[in-house]
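Tertiary structure, described
Each chain, letter by letter, is given below.
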Amino acid sequence: MRPTDFTLAGAVAALAEGAISAEELTRAHVDATLSLNPKINALITVTAEQAMDAARASDARRARGEAGPLEGIPLAIKDLFCTEGVQTTAGSKILEGFVPPYESTVTSQLKRDGAVFLGKANLDEFAMGSSNLTSAYGGVLNPWSRRNDPDARLVPGGSSGGSAAAVAARMVLGATGTDTGGSIRQPAAFCGIAGIKPTYGRCSRFGIVAYASSLDQAGPFARTVEDCAILLRSMAGFDPKDSTSADRPVPDFAAACGRSVKGLRIGVPREYHIDGMPPEIERLWRQGLDWLRDAGAEIVDISLPHAQYALPTYYIVAPAEASSNLARYDGVRFGKRVTEAGSDLRDLYERTRAAGFGPEVRRRIMIGTYVLSAGYYDAYYLKAQKVRALIARDFREAWGKVDAILAPATPSAAFAEGENSDDPVQMYLNDVFTVTANLAGLPGLSVPAGLDPQGLPLGLQVLGRPFDEETVFAVGTTLERAADFKHLPGMRAGA
Ligand code: GLN
């Protein structure tokens, strides 16, 4: 077995037994990264030397009996998390060359627990997108390919596409992502791996470049559900530096993996049967329900009457918050500055922002500014906030009848570069099954569960009550076991 074939849990065990050292494990992943990254562009910055130093330091800690729960585990970090001394771009030219003098809380906790960082993963600019194609550092190639069209360049999904592709290609054992409207669950589904967006407030947002603060949440990617549970335990926890982080104990999520779902009530939201849904997605969903029924769960039809408004609501709230958050990139405080001799401050702002932001970010800033403007605030932003409250209420009512909800993760498998790109609204439709969880603050897990007719992975999504990730993990591992998803992408370490 190659070191890149380990699951994260398997690597933790092998390191503990001394079957492999952190240095060997990291070397294998660094080699995989150096050979694959030029092809798939999953990482914007590769920190190979720092990783090898960190691996040796990890072996030394283990020798002293000080091994943490992620001791020696190679990870990729979405380039939206500030990492002390390592460039953090948010996928944007405006932050090119920005080297944070501090570490995000999530990454500092991963380091505290012994993880080794191999580099910063590519993403849609400021996490705005569903394809990774809005990155100022080039798109990411999905390591999977279509059976009948192997040359089509498939996207890994977005915005955390680099993180998902790096895990699927076996460059790393796990990665961090953030999910504002689906950016963990959609790329996980497109790349045939697992990924969870935890409850809003579960992980600290301190040191994560903000997109839409009331929706953003960090979470892990890995090749198994249990591996995600292990990572989440390290990432989660109260942080006085983020006033929206929840002061609650962090459970042992891995212990919930494999827990029986017997007697659990699983909701099937009627409104998620959308028009034009491909038959393979409907089939996978039904199959998922059968698997859970076979495992002793009870399937319950539910209604989320306002779910149909989730997408337009999201595409008002998210740009509104983004337009405000992105006002700080003014050429004065961070990153890029474009100015000319004799020009004034306003000119500095305009030149810097025109040169630094890509087209999708500019579109979002314009939409956000519009919906917040004096004349349109009531018609758009306030209305969207009201609908958001109704969407959250639908879920609260549903939790009286069910313990978890099963839905597809995405309305299709990975698409190719160029498909979906000429019409932004077409691209936004990708998020139809994911944005609801963010609007309501709920945990959502994507589990690889089957293949489409082209041999591409499809994901099922499990939603849970706020702060009940444990039930989500129990349902997720049940699906994972039943699906027995053993398919591998064509492009991966050792292939
Ligand atoms: N695709 C969605 C958007 O573009 C979600 C992105 C995200 O979750 N960061 O806003």
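Residues numbered from 1 in each chain as written. Predicted model: local features only at pLDDT ≥ 70, side-chain atom pairs only at ≥ 80, totals over all residues. Heavy atoms only, no water.

**Description of the pattern of salt bridges**
Applicable threshold: Put simply, a salt bridge is a Lys or Arg side-chain nitrogen that is within 4 Å of an Asp or Glu carboxyl oxygen. To qualify as a helix, a DSSP run of H or I must reach at least 4 residues; to qualify as a strand, a run of E must reach at least 2; elements of each kind are numbered from the N terminus. Summary of the burial criterion: residues with accessible area below 20% of their type's maximum are buried, those above 50% are exposed, and those between are partly exposed, where the area comes from a 1.4 Å probe applied to protein chains only.
Taken as a whole and assessed by the stated rule, the structure comprises 29 salt bridges. When the shortest N-O distance is used, the salt bridge between arginine 233 and aspartate 252 registers 3.7 Å. With arginine 233 in helix α7 (residues 225–235) and aspartate 252 in the loop between α7 and α8 (253–256), this residue pair connects regions lying 19 residues apart in the sequence. A relative accessible area of 42% means that arginine 233 is categorised as partly exposed. Its relative accessible area of 35% is what places aspartate 252 among the partly exposed residues. With its nearest N and O atoms 2.3 Å apart, the salt bridge here joins arginine 363 to glutamate 360. In this pair, arginine 363 and glutamate 360 are both assigned in helix α12 (residues 359–372), three residues apart and thus about one turn of the helix distant.

**Examining the site of the ligand**
Selection rule: Being near a molecule or strand, for a residue, comes down to having at least one heavy atom within 4 Å of it. Residues adjacent in sequence count toward polar contacts only when both atoms are side-chain atoms; beyond that, a polar contact is any pair of N or O atoms within 3.5 Å, and within protein one must be able to donate a hydrogen and the other to accept it. Working definition of accessibility: Shrake-Rupley area with a 1.4 Å probe, residue cover restricted to the visible protein chains. Put simply, Ala, Val, Leu, Ile, Met, Phe, Trp, Tyr, Cys and Pro go in the nonpolar bin, Asp, Glu, Lys and Arg in the charged bin, and everything else, Gly too, in the polar bin.
In the neighbourhood of the ligand, 15 residues make up the surrounding shell, with Thr180, Gly181, Ser183, Tyr211 and Tyr314 lying closest. One nitrogen or oxygen atom from the main chain of glycine 129 is found 2.8 Å from an oxygen atom belonging to the ligand. Note that an oxygen atom of the ligand is positioned 2.7 Å from one of the side-chain N or O atoms of tyrosine 314. Protein chains bury 100% of the 290 Å² of accessible surface belonging to the ligand in isolation. Here the residues of the shell around the ligand are counted per class, giving five nonpolar, seven polar and three charged.

**What about the pairing of strand β5 (residues 194–197)?**
Filter applied, for reference: Pairing between strands requires that DSSP locate at least two bridges from one strand to the other.
In β5, alternate side chains face the same way, and those of Ala194 and Ile196 on one face and Gly195 and Lys197 on the other are all buried. The pairing of β5 with strand β6 (residues 218–222) spans two bridges and is antiparallel. Pairing of glycine 195 across the sheet is with phenylalanine 221, part of β6.

**Notes on the side chain of arginine 205**
Counted only if it meets this: Whether two residues touch is decided by their heavy atoms; if any such pair falls within 4.5 Å, the residues are in contact.
Relative to the assigned elements, arginine 205 resides in the loop between β5 and β6. At 2.9 Å, the side chain of arginine 205 and the side chain of threonine 244 are in polar contact. For arginine 205, the residues in contact, after removing those within four places along its chain, are Tyr200, Ser213, Asp216, Asp242 and Thr244.

**Considering a nonpolar patch on the surface**
Selection rule: Note that patches include only residues with greater than 30% relative accessible area and no salt bridge, and the join distances are 9 Å for like charges and 5 Å for nonpolar side chains (Val, Leu, Ile, Met, Phe, Trp, Tyr).
A contiguous nonpolar patch, built from Val332, Leu345 and Tyr349 and spanning about 250 Å² of accessible area, is present on the exposed surface. Here tyrosine 349 is to be found in helix α11 (residues 345–356).

**A look at the nonpolar core**
Condition: Side-chain atoms within 4.5 Å are what join buried Ala, Val, Leu, Ile, Met, Phe, Trp, Tyr and Cys residues into a set we call a nonpolar core.
Formed by 158 residues in total, the largest nonpolar core has its most connected members in Leu110, Phe126 and Phe473. Of the residues forming this core, the biggest block, nine residues, is contributed by helix α10 (residues 310–325). Once you skip the residues sitting within four places of it in the chain, phenylalanine 126 turns out to touch Ala90, Ser92, Ile94, Leu95, Val209, Tyr211, Leu326, Tyr329, Phe357 and Val361.

**Concerning α7**
Counted residue by residue, α7 has nine buried out of 11 residues, so it is predominantly covered. For α7, every residue scored as buried is listed here: Val225, Asp227, Cys228, Ala229, Ile230, Leu231, Leu232, Ser234 and Met235. Of the residues flanking the end of α7, it is glycine 237, one or two places downstream, whose phi is positive at about 130 degrees.

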